[in-house]
Amino acid sequence: MSGPLLRVENLTKHYPLAAGFLKKTIPVVRAVEDVSFTVDAGETLCIVGESGCGKSTVARVLMRLAEPTAGRVLIDGTDIAGLKKHALRAYRRRMQMVFQDPYASLNPRLTAGQIITEPVENYERLSRNQCQALAAGLLEKVGMSPEMMHRLPSELSGGQRQRLGIARALSLNPSIIIADEAVSALDVSVQAQILNLLMDLQQNLGIAYVFISHDLGVVEHIGHRIAVMYLGRIVELAPCEALFAKPVHPYTEALIAAAPVPDPTRFRLEAVVEGEVPSPINPPTGCAFHPRCPLAAERCRIEVPSLVPIDDGRVVACHVRAPAANGKAQPAAAPVGTPMCSS
Ligand code: SF4
């Protein structure tokens, strides 16, 4: 089928809070606002941002663990919101999830083999021999010995548990895997092994990933395209190399500047974003980044910037760096690479 494998259109998720006595309006947490992106087969789209920016909520809505307030999620052109029981089960096979904490996401009373085959047995009956063959094959695929199928999660290391979580996700032959902070609980050396495993599996099986992380070093390693989120919205989406070579949105620029650099001789901006992330219950008017942005102009306080295409495959939401006029992008008004706030 032509077109993207996954298309997310104007996705919005609000969580109403409990209304207070005599309160007329119910406050809502605006976790995700008007998020749109596509993912092609065999592609890795990374979603990056600070804690609380809404990236994990996007993952929950994609997996239909939460219903969207507005917007659509389409797999091969089919809107999953309209799917009922049988069709939804078929859809769930196509999209699987790898969680942040491998220990918490694995049933401690099941062996590795049972954990791998459990999702398949929800769909079809397997003989004991079929279960063992499936578990052995998937354990090998993720770099573990088939003998480990008899072990409990508590008898495995952190890296082995995450490999087991990946094997479980693979058991249903998914087209796309949502990995929510899948390596952030692991040691750096184990992180690299898991990232390399995910990339090898992608090359061999053509799986697409939506890879959610707060760690720019990780997304730079694995991503084809990167979406940067701030307070529920995508503020910049660009091919990985272009984003790291020339961040355009002031928030992306500050994130990259503030990331740890392993090579101390490499130039990096001594820039930080000042202030706290505002509350998603009462977000700032206009551009949500304006209270922290050194480039903020009057328009930024009033008008929410929309995503504007500015060069090859990149979209940016910023009135100053990517102003929209008559639906067309203008040349950048402020020099890209200007330090945010010198410390
Ligand atoms: Fe800064 Fe204005 Fe751009 Fe928002 S729209 S990032 S406040 S310059």
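Bear in mind the structure is a predicted one, so any value in this text is a computation, not a measurement.

**Student:** So what's going on with the overall build of the protein? Residues and values would help.
**Tutor:** Along the protein, the regular secondary structure elements total 10 helices and 14 strands. Looking at the protein as a whole, 48% of its 343 residues are labelled buried. The long-range share in the protein, meaning contacts at least 24 apart out of those at least 6 apart in sequence, stands at 65%. In the structure as shown, the protein presents an accessible area of about 16,900 Å², 52% of it carried by carbon and sulfur atoms.

**Student:** Quick one: what's the story with the site of the ligand, residue by residue and with numbers?
**Tutor:** If you check the shell around the ligand, you find His-249, Pro-250, Cys-287, Phe-289, His-290, Cys-293, Leu-295, Ala-296, Cys-300, Cys-318, His-319 and Val-320 and nothing else. When atom positions are compared with the pocket grids, the ligand is found to occupy the largest cavity.

**Student:** Now, about the packing of aromatic side chains: what can you tell me, with residues and values included?
**Tutor:** The final tally for this structure, using the stated rule, is three aromatic pairs. When the centroid spacing of 5.0 Å and the interplanar angle of 80° are considered together, the rings of Tyr-230 and Phe-289 count as edge-to-face. Of the two residues, Tyr-230 is situated in strand 9 (residues 225-230) and Phe-289 in the loop between helix 9 (250-258) and helix 10 (298-302); the sequence distance between them amounts to 59 residues. Taken individually, Tyr-230 and Phe-289 each receive the classification buried, so the pair is uniform in this respect. Through successive ring pairs, a cluster of aromatic residues spans Tyr-230, Tyr-251 and Phe-289. Above the ring of Tyr-15, the side-chain terminus of Lys-13 is found at 4.8 Å from the ring centroid.

Conventions and cut-offs
Residues numbered from 1 in each chain as written. Predicted model: local features only at pLDDT ≥ 70, side-chain atom pairs only at ≥ 80, totals over all residues. Heavy atoms only, no water. Helix = DSSP H or I, 4+ residues; strand = E, 2+ residues; numbered from the N terminus. Buried < 20%, exposed > 50% of the residue type's maximum accessible area, 1.4 Å probe, protein only. Contact = heavy atoms within 4.5 Å. Areas by Shrake-Rupley, 256 points an atom, 1.4 Å probe, with all protein chains shown as cover. Near = heavy atom within 4 Å. 1 Å grid on protein atoms, 1.4 Å probe; cavity = no way out; pocket = protein on both sides within 12 Å on 5 of 7 lines; lining within 4 Å. Sits in = over half its atoms within 2 Å of the grid points. Phe/Tyr/Trp six-rings, centres within 6.5 Å; stacked < 30°, edge-to-face > 60°. Lys NZ or Arg CZ within 6 Å of the ring centre and 35° of its normal.

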